[in-house]
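# Summary of structural features
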Amino acid sequence: MPDPSAQSPANPDLDAMLAKVLGKDTAPAPGAPDAPARPSADIEVDPSAQRCGFVAIIGKPNVGKSTLLNALVGQKVSITSRKAQTTRHRITGIRTVGPTQFVFVDTPGFQTRHGNALNRALNKTVLGAVNDVDLILFVVEAGRFNLADAKALSALPPKVPVMLVANKFDLVHRRGDLAPWLRSMQERHPFAEFVPMSAKAPRDIQRLFAICEKYLPQQPWMHDPDDLTDRSERFMASEMVREKLFRLTGDELPYTSTVVIDKFEEEGALRRIAATIVVEREGHKGMVIGEKGEKLKRIGTEARQELEKLWDCKVFLELWVKVRSGWADDDARVRSFGYE
Ligand SMILES: Nc1nc2c(ncn2[C@@H]2O[C@H](COP(=O)(O)OP(=O)(O)OP(=O)(O)O)[C@@H](O)[C@H]2O)c(=O)[nH]1
């Protein structure tokens, strides 16, 4: 349970807060690594001094939730692309910093546009993820707030502290312009904290850990400090293929395509994987295969290389493409493809 005393009062001294948060330099340091190095797990921490809790990352599609999760975990556990609605499952990322273990829960972007079976399943995943957490990071693009953000905000449970993460702060050219926007955000919801930041700036990620820590209860860690995620290798394989599919086909391929793993075999330091990319129309098949099969080959090569890096082993990856018309409108098919 969250510690209610950890919540800031509904009306903190806004000017002091603005001076504090807007005074920070959020630019990445020259030559800084993409993410802070994972701390060594061999430091013993007495269980009575340990903190551990759940932090959900919520927001409309494409605001940078998965980029933030990967930066917090220090490894890629959630796929990202410029295409909205890339994240489709609840992804857990684990990070242990000093005495505190953060269990981050990334969620699909909250869908407000189409009420098809896929989008209903995605929203169910979001709402299921937020009820039992200790803290919610509500992610928006700094300086922006529209109806889709408002709908996601209104779906949050009233008892959990919510931190406003104003992401992509690096894209705001005049920081002073953010002050009136932050004031308007304070009127929308009694946010416990306001954090303008960039998920791509390592220093901001370090700062976020320090701000989040006090919301987590004192209790023993739930995971080994070396663990990155609770999702399986099979799941990571399908996600990695989907990321390359989305990145390499761009906007011409509708988001209603998915990846199903047909075979996943482990032979020592080798993984043999066969996967099918499922598209909705015959015309989409050509977009995925490309001229002389060149696009499909690239999707396979890039996914294989990333999986080999992630698992530090050899991977054989075989890809197929199939048409299943109307799958995203069919509840049973959506479930059979692994969506809750
Ligand atoms: N400039 C800038 N771009 C960012 C930042 N964070 C994320 N992005 C970019 O925003 C795009 C969307 O990022 P994602 O992490 O996939 O967004 P998401 O909210 O998980 O998206 P869904 O999966 O649709 O819910 C990507 O192109 C990221 O590189 C940031 O702090 N600054």
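The structure contained in this document is the topic of the report that follows. (Residues numbered from 1 in each chain as written. Predicted model: local features only at pLDDT ≥ 70, side-chain atom pairs only at ≥ 80, totals over all residues.)

Summing up its helical and strand segments, the chain has 10 helices and nine strands in all. Within the span of the chain, comprising 340 residues, buried residues form 41% of the whole. (Helix = DSSP H or I, 4+ residues; strand = E, 2+ residues; numbered from the N terminus. Buried ≥ 20, exposed ≤ 12 C-beta atoms within 10 Å, placed from the backbone.)

Time to look at the pairing of strand β4 (residues 135-141). Counting buried positions over the seven residues of β4 gives six, a clear majority of the element. Looking at chain direction, strand β1 (residues 51-58) and β4 are connected through four bridges and run parallel. Counted as the bridge partner of A56 is I136 from β4. Two strands pair when backbone bridges link them, and β4 and strand β5 (residues 162-167) are joined in this way by six bridges, in the parallel orientation. Bridging across to β5, V140 finds its partner in A166. The handedness of the β4 to β5 crossover, carried by helix α4 (residues 147-154), is right-handed. (Pairing = 2+ DSSP bridges. Right-handed = clockwise from strand over helix to strand, strands pointing away.)

Secondary-structure assignment places L317 in strand β9 (residues 314-323). Classification of L317 as buried rests on a count of 20 C-beta atoms within 10 Å. Leaving out residues up to four positions away in the same chain, L317 has contacts with I273, G300, A303 and R304. (Contact = placed C-beta atoms within 7 Å.)

Attention now goes to the sheet that holds β4. Taken in spatial order, the six strands line up as β2-β3-β1-β4-β5-β6 in an open sheet, and their pairing is mixed. Each edge of the sheet is formed by a strand with only one pairing partner; in this case those strands are β2 (91-97) and β6 (193-196). Direction aside, the axes of adjacent strands within the sheet are offset by 25 degrees on average. Running at roughly 175 degrees to β6, helix α6 (residues 202-213) makes contact with β1, β2, β3 (100-106), β4 and β6 of the sheet. (Axes fitted to C-alpha atoms, helices over the stretch in contact; angles between N-to-C directions.)

In this section: the nonpolar core. Grouped together as the largest cluster of nonpolar side chains are 54 residues, with contacts concentrated most on V55, I136, F138 and M163. Sequence-distant contacts of M163, that is, excluding residues within four places in its chain, are made with L135, I136, L137, F138, F191, A192, E193 and V195. Residues M236, L245, A275 and I277 belong to the second largest nonpolar core, which totals 19 residues. (Core = buried A, V, L, I, M, F, W, Y, C linked by C-beta atoms within 7 Å.)

The next point concerns unusual backbone geometry. Non-glycine residue K168 carries a positive phi angle of around 60 degrees. With respect to the element layout, K168 can be found in the loop between β5 and α5 (178-188). Of note, D312 is a non-glycine position whose phi angle comes to about 55 degrees, a positive value. Positionally, D312 belongs in the loop between α9 (294-311) and β9. The exposure class of D312 is exposed, given the 7 C-beta atoms found within 10 Å.

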